[in-house]
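One letter stands for each residue in the lines below.
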Amino acid sequence: SSLDLVKRESSSVSTWISSPAWQEKAIPEDKPSQSVIPEPDQRLVMLYGLEGFSTILLESQIQGTTCIHLKTQATTLDKQFLEISVQVFEKIQESLKEKRRGTTLIQIVLSASAENQLFTSLIGVLKTAHLENPAIRGQLIALDGNQTQASLKAKVQQIGYKLEDSLISYQEEISQTNSWKEITE
C-alpha cells in the first residue's frame, strides 16, 4: 500500500545541518585553455565604495566592458542600501531590455569593509536576473583595501572565468567563495 511505501522512504531520510562559510578557492590567473565558458559578449562592472578607481581605464583594459560607479548621498545604511539596490536593479533592467546578442556578465565589485557586508545581499538580484534571462550571469566581488587599478582589472577579468562562483571575497590576496559547512556536534 502507499502507507507502507511512505514508511520505507521515511526511514532513509536524514538531516544535514549546515551554515554558510567562506572557503579558500584558487582563481585562475589566465583564461583556462580548456574553458567551456566563453568570454562574455558584454560585461557590466559596477563599483561601490571604490571611488579611487578609474572606470574609464577599466573599460579600456577589458574588451566589451562598461564600468560605472554606484553612488549614494544617503547618510544612513538603510537608505544607502536602498539607493544602491535601485541603481543595480535599474542597470539590470536596462540590460534585460536591450536584448543584446550573446552573454552579459554583470559584476558588482565592492569594498569588503564591515559596513558593506549588507551589500553582498545584492547577489540575490543578480541571481534573479539570471533566472529571468539565462544569457545574463552575475557575480559579486568583495575586495579588501589593498587593491591597485592593475589588481582590480586582473581580479575582475580572472573571476569572470569562474562563473560557477557568484560570490567571491578577497582577503589579503586570498580568494574565497561562499559555500556550506556541515555543523557537527
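Before any of the text, the structure's been laid out above.
Cut-offs applied
Residues numbered from 1 in each chain as written. Predicted model: local features only at pLDDT ≥ 70, side-chain atom pairs only at ≥ 80, totals over all residues. Heavy atoms only, no water. Phe/Tyr/Trp six-rings, centres within 6.5 Å; stacked < 30°, edge-to-face > 60°. Helix = DSSP H or I, 4+ residues; strand = E, 2+ residues; numbered from the N terminus. Buried < 20%, exposed > 50% of the residue type's maximum accessible area, 1.4 Å probe, protein only. Pairing = 2+ DSSP bridges. Right-handed = clockwise from strand over helix to strand, strands pointing away. Contact = heavy atoms within 4.5 Å.

Inspection of every chain in the model, using the stated rule, returns two aromatic pairs. Taken together, a centroid distance of 4.7 Å and an interplanar angle of 40 degrees make the contact between Y48 and F119 tilted. Here Y48 is found in strand 2 (residues 42-48), whereas its partner F119 is found in the loop between strand 4 (104-111) and helix 4 (123-132), with 71 residues between them in sequence. F119 gets classed as buried once you look at its relative accessible area, which sits at 0%. Seen from their ring centres, F81 and F119 are 5.5 Å apart, and the 55 degrees between their planes marks the pair as tilted. Here the residue F81 occupies a position in helix 3 (residues 77-98), and F119 occupies one in the loop between strand 4 and helix 4, the gap between them amounting to 38 residues. One aromatic cluster in this structure is built from Y48, F81 and F119.

Burial analysis of strand 2 places seven of its seven residues in the buried class, the great majority of the element. As paired strands, strand 2 and strand 4 are joined by seven bridges and run parallel to one another. Note on strand 4: the bridge partner recorded for Y48 is L110. Relative to strand 3 (residues 65-69), strand 2 is paired through five bridges, and the arrangement is parallel. Within the sheet, the bridge partner assigned to M46 lies in strand 3 and is I68. With helix 2 (residues 55-61) bridging strand 2 and the parallel strand 3, this β-α-β connection has right-handed handedness.

Let us now look at the environment of I141. Among the secondary structure elements, I141 is positioned in strand 5 (residues 136-143). With 34 residues separating them in the primary sequence, I141 and S175 have C-alpha atoms 9.7 Å apart. The contact partners of I141, leaving out residues within four places of it in the chain, are Q107, I108, V109, L110, I159, I168 and Y170.

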